[in-house]
Amino acid sequence: MGNAVSWQVELAVKPGQLDNFRVLTSEMVEHTRSEPGVLIYERFVSDDGTVVYVYERYADSASALSHLQGFWKIFGARFMDMVERKRFTVFGIASDELKGMLDRFDATYLSPFDGFSLVRHG
């Protein structure tokens, strides 16, 4: 399982904001595509467009922290105008510095227990 850190975030899309959130999401995806250490950056939406799940995986805590710091400067205010965070679950061993940032999101931390991944990241 290594040093990788990932999270799943459940978001409630505020009424009337789905189209705006789609535009913002496209901007976020394009911006994040070139960041070092980002392994997975995916969004999933419910059929009725009221719930979005975010799944992100980073090579390590430093990559995740770097992403979050840039994200909030560029997208944070717009993001929070469009969605409400319902749940934030972190998987892996997050550094104290990363936890310091994620704690303000009421994150739940889950440590590795057992398992493997066949996904190869290069």
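All of these numbers come straight from a predicted model, not from anything done at the bench.

A. Highlighting the pattern of salt bridges. Applying the stated rule across the entire model yields 5 salt bridges. The shortest N-O distance in the salt bridge between Glu27 and Arg78 comes to 2.9 Å. With Glu27 in helix H1 (residues 18–32) and Arg78 in helix H3 (residues 76–82), this residue pair connects regions lying 51 residues apart in the sequence. Close ionic contact of Arg43 with Glu56 constitutes a salt bridge, the shortest N to O distance being 2.8 Å. With a gap of 13 residues between them, Arg43 in strand S2 (residues 38–45) and Glu56 in strand S3 (residues 51–58) connect regions that are remote in the sequence. The same class applies to Arg43 and to Glu56, which are both buried.

B. Inspection of the nonpolar core at higher detail. One finds Trp7, Leu98 and Leu102 to be the most contacted residues of the largest nonpolar core, which totals 28 residues. Listed by contribution, the elements that provide at least two residues to this core are strand S1 (5–13), H1, S3, helix H2 (61–74), H3, strand S4 (83–91) and helix H4 (96–102). Take this core: its biggest share by element is 5 residues, from S1. When sequence neighbours within four positions are dropped, the list of residues in contact with Leu98 reads Val5, Trp7, Ser61, Ala64, Leu65 and Leu68.

C. View of empty space enclosed by the protein. Applying the stated criterion to the full structure yields 1 cavity of 30 Å³ or more. In this structure, the largest cavity encloses a volume near 150 Å³. At the level of elements, S1, S2, S3, H2 and S4 are the ones that each hand at least two residues to the lining of the largest cavity. Counting residues per element, the lining of the largest cavity draws most heavily on H2, at 4 residues. Class assignment for the residues of the lining of the largest cavity results in 11 nonpolar, 1 polar and 3 charged.

D. The arrangement of the side chain of Ser61 in detail. By the element assignment, Ser61 lies in helix H2. Engagement of the side chain of Ser61 in a polar contact is seen with the backbone nitrogen of Ser95, the distance being 2.8 Å. Not counting residues within four places of it along the chain, the set of residues in contact with Ser61 comprises Asn3, Val5, Ile93, Ala94, Ser95 and Leu98.

E. Layout of the packing of aromatic side chains. Considering all chains together, one arrives at 9 aromatic pairs under this definition. Consider the rings of Phe71 and Phe75, whose centres lie 5.9 Å apart with planes at 45°: the pair is tilted. Here a set of aromatic residues connected by ring pairs shows up, and it is made of Trp7, Phe21, Tyr58, Phe71, Trp72, Phe75, Phe79, Phe88 and Phe105. Above the ring of Tyr41, the side-chain terminus of Arg43 is found at 3.8 Å from the ring centroid.

F. Representation of H1. Compared with an ideal rise of 1.5 Å per residue, which puts 15 residues at 21 Å, H1 spans 20 Å between its outermost C-alpha atoms and is within 8% of the ideal. Every buried residue of H1 is listed here: Phe21, Leu24, Thr25, Met28 and Thr32. For H1, the angular spread of buried residues about the axis comes to 105°, placing them on one side. The exposed residues of H1 that point more than 90 degrees off its buried face are Asp19 and Glu30.

What counts and how
Residues numbered from 1 in each chain as written. Predicted model: local features only at pLDDT ≥ 70, side-chain atom pairs only at ≥ 80, totals over all residues. Heavy atoms only, no water. Salt bridge = Lys/Arg side-chain N within 4 Å of Asp/Glu carboxyl O. Helix = DSSP H or I, 4+ residues; strand = E, 2+ residues; numbered from the N terminus. Buried < 20%, exposed > 50% of the residue type's maximum accessible area, 1.4 Å probe, protein only. Core = buried A, V, L, I, M, F, W, Y, C linked by side-chain atoms within 4.5 Å. Contact = heavy atoms within 4.5 Å. 1 Å grid on protein atoms, 1.4 Å probe; cavity = no way out; pocket = protein on both sides within 12 Å on 5 of 7 lines; lining within 4 Å. Points joined across faces, edges and corners; volume = space filled by probe spheres on them. Nonpolar A, V, L, I, M, F, W, Y, C, P; charged D, E, K, R; others polar. Polar contact = N/O pair within 3.5 Å; in protein donor to acceptor, adjacent residues only side chain to side chain. Phe/Tyr/Trp six-rings, centres within 6.5 Å; stacked < 30°, edge-to-face > 60°. Lys NZ or Arg CZ within 6 Å of the ring centre and 35° of its normal. Expected span 1.5 Å × (residues − 1). Arc of directions from axis to C-beta.

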